[in-house]
Amino acid sequence: MKATFAEGQLLPAPEQELATKVLHIQSKRFYLDVKQNKRGRFIKVAEVGPSGRKSRLLLAMSSALELRDHLTAFSEIYASLGPPNPDNLPEDGKLKSELMVKENRRYYLDLKENSRGRFLRISQTITQGGPRSQIAIPAQGMIEFRDALTDLLEEFGTDDGITFGFKGNLPEAHHMRVENKNFYFDIGQNSRGVYMRVSEVKNNFRTAITIPEKSWSRFRDTFAEYVDKMKDTADPSNESGK
DNA sequence: GCGGCGG
């Protein structure tokens, strides 16, 4: 993801954490974090293995909803399966597959079987053949995983905030240097609509206000009003009032 | 207490 703050600032892209759920499935822990940034709302799924090995996956809310529905279907198939039978298994070990596409992301869902048992492999790529991130959910935990997703979707909605609002792309972030301060203007969007964030960055601290789109013209008018008032009252001999 | 067949 493109950084919001250029100019070598080491600030992370502003991101809000809305909720976290932790699932313990066999030897693994899964963290489901609902987050939002200026591009919208999403769920970060992190798998932590017993060795501490971590892998993560990002899902737009709409993809999380789609996954939730697939999980229902996958768990029904899993429930209908007989005992594992290595002799009667497809070469690739895949018992059922689904594909999800969201913008430039592809998610491959595979119910697989190996000597350890059955599991759902979810892998995500951005460009085909490019880097892949993946998690593996023990098949016994698919229902629990689905129920956790359902809870989060009910509480935080299924809308990414990307597909509505502005037609086309959002404007690029804008940077302005004033004396020793840096100001940034960026446009964001969430389920409540479009907003402009004005940030002041100084010594690696950021303060910001978030202005809903509906009020932009009032802000502009109020701003202009003050600029004009100050011009009217400015001492003409004082150049700094310009 | 795992562990998930690639380039």
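In what follows, the accompanying structure is described. (Residues numbered from 1 in each chain as written. Chains lettered and ligands numbered in written order. Predicted model: local features only at pLDDT ≥ 70, side-chain atom pairs only at ≥ 80, totals over all residues. Heavy atoms only, no water.)

Considerations on the pairing of strand S10 (residues 181-190)
Using the following cut-off: Only protein chains enter the accessibility calculation, which uses a 1.4 Å probe; a residue is then buried when its area is under 20% of its type maximum, exposed when over 50%, and partly exposed in between. By the criteria applied, helices consist of DSSP H or I runs no shorter than four residues and strands consist of E runs no shorter than two, each listed in order from the N terminus. Whether two strands pair depends on DSSP finding at least two bridges between them.
Counting buried residues along S10, 8 of its 10 residues qualify, which places the element largely inside the surrounding structure. As paired strands, strand S9 (residues 174-178) and S10 are joined by 5 bridges and run antiparallel to one another. Opposite Val-178, over in S10, you have Lys-181 as the bridge partner. Hairpin connection of S9 to S10: 2 residues between the antiparallel strands, including Glu-179 at a positive phi of 50°. Of the pairings in the sheet, the one linking S10 to strand S11 (residues 193-202) comprises 9 bridges and is antiparallel in character. Pairing of Phe-185 across the sheet is with Val-198, part of S11.

Quick look at the pattern of salt bridges
What counts here: By definition, a salt bridge exists where a carboxyl oxygen of Asp or Glu is found within 4 Å of a side-chain nitrogen of Lys or Arg.
Across all of its chains, the model carries 10 salt bridges by this definition. One salt bridge connects Asp-33 with Lys-44, and the closest N-O pair in it is separated by 3.9 Å. Here Lys-44 lies in strand S3 (residues 40-48) and Asp-33 lies in strand S2 (residues 28-37), a separation of 11 residues in the sequence. According to the relative accessible area criterion, Lys-44 is buried, its value standing at 16%. Of the charged contacts, one joins Glu-113 and Arg-118 as a salt bridge, the two residues approaching to 2.8 Å between their closest N and O atoms. Each of the salt bridges in this network shares a partner with another, and the network as a whole consists of Glu-15, Glu-17 and Lys-35.

What about unusual backbone geometry?
For Gln-26, which is not glycine, the phi dihedral falls at a positive 50°. Examined against the element boundaries, Gln-26 turns out to sit in the loop between strand S1 (16-25) and S2. For Glu-179, which is not glycine, the phi torsion reads 50° and is therefore positive. The topology assignment puts Glu-179 in the loop between S9 and S10.

Quick look at the sheet that holds S3
Here is the rule we go by: The axes used here are C-alpha line fits, helices contributing only the stretch in contact, and every angle between their N-to-C directions lies in the interval 0 to 180 degrees. The contact criterion used throughout is that any non-hydrogen atoms of two residues lie within 4.5 Å.
Sheet architecture is open: 4 strands sit in the order S1-S2-S3-S4, paired in antiparallel fashion. Two strands lie at the open edges of the sheet, namely S1 and strand S4 (54-60), each paired on one side alone. Neighbour-to-neighbour, the strand axes of the sheet open up by a mean angle of 20°, direction not taken into account. Running at roughly 105° to S4, helix H1 (residues 61-80) makes contact with S2, S3 and S4 of the sheet. In this fold helix H2 (residues 142-156) packs onto S1, S2 and S3, with an angle of close to 165° to the strand it touches most, S1.

By themselves these figures say nothing about function.
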